[in-house]
Amino acid sequence: MRDAVTSLIKNYDIAGRYFDRNALDDLKSYFESGTARVQAAAAINSNAAAIVKQAGLTLFEEQPELIRPGGNAYTTRRYAACLRDMDYYLRYATYAIVAGNMDVLNERVLQGLRETYNSLGVPISPTVSGIQIMKDIVKQQMATLGVTNTSFVDEPFDYMTRELSEQDI
Ligand SMILES: CCC1=C(C)/C(=C/C2=NC(=C\c3[nH]c(/C=C4\NC(=O)[C@H](C)[C@H]4CC)c(C)c3CCC(=O)O)/C(CCC(=O)O)=C2C)NC1=O
């Protein structure tokens, strides 16, 4: 598992080079965004259950067939499994936000996930919608905290979206 700093060090070490201008710029922007990253993680942590609940309600309102007979989130067991998955995505997003690196998502969340979902008939597209709904909720909360540049919040949600939608495993 890597973060922005260790992955940079690894790349420069492999090349046997001192940090150049690009590396120093990357480091600088990572450290400058550090407080906001921790702030985002804290805001998510203190609200995680509510974020997941709200995102679930929104998703099932938009796509009610998911929780009707024949839908993948139909029955309380599967409904709960769906919200639990959303909670995983949210929690791992906070790790990736703090790390400034998506490695933790590959290693802990995305590896083999499509395969599992396909074998269980869990539909990818509404899962991705759920991830994006959580992103929007988190960004709204960051805005109320006065954090205006929230592109680092988008990153893990968009990364999971891309990998889930496109990657063939
Ligand atoms: C930390 C990394 C991690 C992830 C990501 C993870 C996902 C994960 N989701 C699962 C199931 C599931 N996932 C869903 C999710 C949904 N169904 C829908 O219709 C919605 C679109 C969606 C919610 C947004 C459902 C309903 C199941 C149960 C499927 C079944 O057993 O039939 C399963 C199968 C085993 C189980 O039920 O626990 C895994 C492994 N497990 C992990 O350890």
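Values in this document were obtained by computation on a predicted structure and should not be read as measured data.

Chemist: Break down the packing of aromatic side chains for me, citing the residues and quoting the values.
Modeler: Using the criterion set out here, one finds four aromatic pairs in the structure. Aromatic side chains tyrosine 12 and phenylalanine 19 sit 5.6 Å apart centroid to centroid with 65° between the ring planes, which places their arrangement in the edge-to-face category. On the accessibility criterion, tyrosine 12 (13% relative accessible area) is buried. Ring centres of tyrosine 30 and phenylalanine 31 lie 5.5 Å apart, and the angle between their planes is 55°; this geometry places the pair in the tilted category.

Chemist: Quick one: what's the story with the nonpolar core, residue by residue and with numbers?
Modeler: Core analysis: the biggest nonpolar cluster contains 42 residues, and Tyr89, Leu90, Leu105, Met134, Phe157 and Met160 have the highest contact counts within it. Every element with two or more residues in this core is listed here: helix H3 (34-45), helix H4 (48-62), helix H5 (76-99), helix H6 (103-110), helix H7 (113-120), helix H8 (124-144) and helix H9 (151-166). No other element matches the eight residues that H8 contributes to this core. With residues near it in sequence (within four places) discarded, tyrosine 89 still touches Val109, Leu113, Tyr117, Thr127, Ile131, Met134, Met160 and Leu164.

Chemist: Which residues make up the domain arrangement of the protein, and what values do they have?
Modeler: Considered domain by domain, the protein is made up of domain 1 (1-32) and domain 2 (34-164). Spacing between the C-alpha centres of domain 1 and domain 2 amounts to 28 Å. Across the contact, eight residues belong to domain 1 and ten residues belong to domain 2. When the area that domain 1 buries against domain 2 is broken down by residue, the three leading residues are Met1, Arg2 and Tyr30, summing to 72%. On inspection of domain 1 and its partner domain 2, the count reaches zero salt bridges. Our count for the domain 1 to domain 2 interface comes out at eight residue pairs in polar contact (both at pLDDT 80 or more). Elements that contribute at least two residues to the side of domain 1 that touches domain 2 include exactly helix H1 (4-15) and helix H2 (21-32). The element contributing the most residues to the side of domain 1 that touches domain 2 is H2, with three residues. In the side of domain 1 that touches domain 2, the residues fall into four nonpolar, one polar and three charged.

So, how was this worked out
- Residues numbered from 1 in each chain as written.
- Predicted model: local features only at pLDDT ≥ 70, side-chain atom pairs only at ≥ 80, totals over all residues.
- Heavy atoms only, no water.
- Phe/Tyr/Trp six-rings, centres within 6.5 Å; stacked < 30°, edge-to-face > 60°.
- Buried < 20%, exposed > 50% of the residue type's maximum accessible area, 1.4 Å probe, protein only.
- Core = buried A, V, L, I, M, F, W, Y, C linked by side-chain atoms within 4.5 Å.
- Helix = DSSP H or I, 4+ residues; strand = E, 2+ residues; numbered from the N terminus.
- Contact = heavy atoms within 4.5 Å.
- Domains from an automatic or database assignment.
- Buried area = accessible area lost by both parts, 1.4 Å probe.
- Salt bridge = Lys/Arg side-chain N within 4 Å of Asp/Glu carboxyl O.
- Polar contact = N/O pair within 3.5 Å; in protein donor to acceptor, adjacent residues only side chain to side chain.
- Nonpolar A, V, L, I, M, F, W, Y, C, P; charged D, E, K, R; others polar.

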